[in-house]
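Structure at a glance
Chain residues, written in single-letter form:
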Amino acid sequence: MTGPASAAEVFDALGKDYEHAFRNLAEQRAAITALAERLPAGAAVLDVGSGTGRPVADLLTAAGHAVTGYDVAPKMVEIARAQVPAARFEAGDMRELSFEAGTWDAITAFFSMLQLPRADQDTMIGRFAGWLKPSGLLVFATVPADVDGVDIVFMGHPVRASSFPAEVLAEKLRATGLEIVREDQALFVPDHPGAGPEPHVYFTARKPS
């Protein structure tokens, strides 16, 4: 039996099929729009797990912000560079990124930690908080669930997924010192054969000034 694929393998294979399947995420667009409106002009934004560049980097650069995206899948980086030339995209594992404290006005991470072990997710939430400037904003979205290293099939690919319930994630964000200023939950069915409904949670959290 074939074991779970890495995030790089899955998203290199999916390419723009992923963008198509998740193109109608109304709550995601609402969270991005609300973020863009809260930020100072020309804000520096880090998009972790930037995918094809749409809709996150596309909407934020259109609003006048400076977006730097990182994705573990080189194919996604290639697509994003072509689709959103106003942003900067680089290939890289988020766990290997390093920034000075207070570097970013905002950090976005949409569904990009689901293939990380829980311990790594914990670590990344803490790093995000540290990388934000005072009054900076984190927008974090995931599929909330009490699962740790569960093998599933995602858009035809075997993957190993981990997550936390929404209330646990909220506690983890607050434990870093962030204040949750917006939370939305939704049920979404990706536009892909065999896809079923999946719960989503969106948090916007602010670092104290």
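Placed above this text is the structure.
Everything in this summary refers to the structure shown in the same document. The numbers attached to residues start from 1 for each chain and follow its sequence in the written order. Local features in a predicted model are, by the rule used here, given only for residues with pLDDT of at least 70; side-chain atom pairs are given and counted only at 80 or more, and totals for whole chains, interfaces and linings are based on all residues. Note that the side-chain values use all heavy atoms of the structure and ignore hydrogens as well as water.

1. Looking at the sheet that holds strand β4 (residues 104–110)
How we decide: Pairing between two strands requires that DSSP report at least two bridges joining them. Elements are defined by DSSP. Helices are runs of H or I of four residues or more, strands are runs of E of two residues or more, and each kind is numbered from the N terminus. What counts as an axis is a line fitted to C-alpha atoms, over the stretch in contact for a helix, and the angles between N-to-C directions run from 0 to 180 degrees.
The strand order across the open sheet built from seven strands is β3-β2-β1-β4-β5-β9-β8, with neighbouring strands paired in mixed fashion. Both outer strands of the open sheet, β3 (88–91) and β8 (179–188), are each paired with one neighbouring strand and no more. Sheet twist, expressed as the mean angle between neighbouring strand axes with direction ignored, is 15°. Bridge count between strand β5 (residues 132–142) and strand β9 (residues 198–206): six bridges; the pairing is antiparallel. Bridge pairing in β9 places Thr-142 opposite Val-201.

2. Looking at the pairing of β4
The condition is simple: Exposure is judged per residue with a 1.4 Å probe applied to protein chains only, and the accessible area is read against the type maximum: over 50% gives exposed, under 20% gives buried, and values in between give partly exposed. Seen with the strands pointing away from the viewer, any crossover whose path from the first strand over the helix to the second strand runs clockwise is right-handed.
In terms of residue burial, β4 counts as a mostly covered element, since seven of its seven residues are buried. As defined by bridge partners, β4 adjoins β5 across six bridges and the pair is classed as parallel. Bridge pairing in β5 places Ala-106 opposite Leu-137. In this fold, the crossover linking β4 to β5 by way of helix α6 (residues 118–131) has right-handed handedness.

3. Structural notes on unusual backbone geometry
The step from Arg-54 to Pro-55 runs through a cis peptide bond, and the omega angle for that step is 5°. The residue Pro-55 is located in the loop between β1 (44–48) and α4 (56–62) in this model. Positive phi is not limited to glycine here, since Phe-111 has a value of about 60°. Note on placement: Phe-111 falls in the loop between β4 and α6. Even without a glycine there, the phi angle at Ser-135 is positive, about 70°. On the secondary structure map, Ser-135 appears in strand β5. On the basis of relative accessibility, which here comes to 33%, the residue Ser-135 falls in the partly exposed class.

4. A short note on the packing of aromatic side chains
The following threshold applies: Centres within 6.5 Å are what make two rings of Phe, Tyr or Trp a pair, Trp counting through its six-membered ring; a difference in plane orientation under 30 degrees is then read as stacked, over 60 as edge-to-face, and the rest as tilted.
Inspection of every chain in the model, using the stated rule, returns ten aromatic pairs. Summarising the aromatic geometry, the rings of Phe-99 and Trp-104 are spaced 5.3 Å apart at their centres and angled 90° between planes, so their arrangement reads as edge-to-face. The rings of Tyr-70, Phe-99, Trp-104, Phe-128 and Trp-131 are connected pair by pair, giving a single aromatic cluster.

5. Examining the nonpolar core
Worth spelling out the cut-off: Take the buried Ala, Val, Leu, Ile, Met, Phe, Trp, Tyr and Cys residues and link them wherever side-chain atoms come within 4.5 Å; each set so joined is a nonpolar core. Contacts are residue-level and defined by heavy atoms, with any inter-residue pair within 4.5 Å sufficient.
If you look at the biggest cluster of nonpolar residues, it comprises 39 residues, and the most contacted ones within it are Phe-11, Tyr-18, Phe-22, Leu-60, Phe-110, Phe-111 and Phe-154. Where this core is concerned, the elements lending two or more residues are α1 (7–14), α2 (16–21), α3 (26–38), α4, α5 (74–83), β4 and β5. No other element matches the four residues that α3 contributes to this core. In this structure Phe-154 touches Val-10, Phe-11, Leu-14, Tyr-18, Phe-22 and Val-159, once residues within four positions along its chain are discounted. Within the second largest apolar cluster, 28 residues are counted, among which are Met-94, Phe-140, Phe-164 and Ile-180.

6. Examining the pattern of salt bridges
Which entries qualify depends on this criterion: Between Lys or Arg on one side and Asp or Glu on the other, a salt bridge is scored when a side-chain nitrogen of the former is within 4 Å of a carboxyl oxygen of the latter.
Following the criterion strictly, the structure yields twelve salt bridges and no others. Among the ionic pairs, Arg-23 bridges to Asp-191, the shortest N-O distance being 2.9 Å. Taken as a pair, Arg-23 in the loop between α2 and α3 and Asp-191 in the loop between β8 and β9 lie far apart in primary sequence, 168 residues in all. The class of Arg-23 is partly exposed, set by a relative accessible area of 36%. The residue Lys-133 makes a salt bridge to Asp-105 at a minimum N-O spacing of 3.4 Å. Taken together, the positions of Lys-133 in strand β5 and Asp-105 in strand β4 put the pair 28 residues apart, joining distant regions of the chain. Among the residues examined, Lys-133 registers a relative accessible area of 29% and is labelled partly exposed. Linked by salt bridges that have partners in common, Arg-81, Arg-88 and Glu-90 make up one network.

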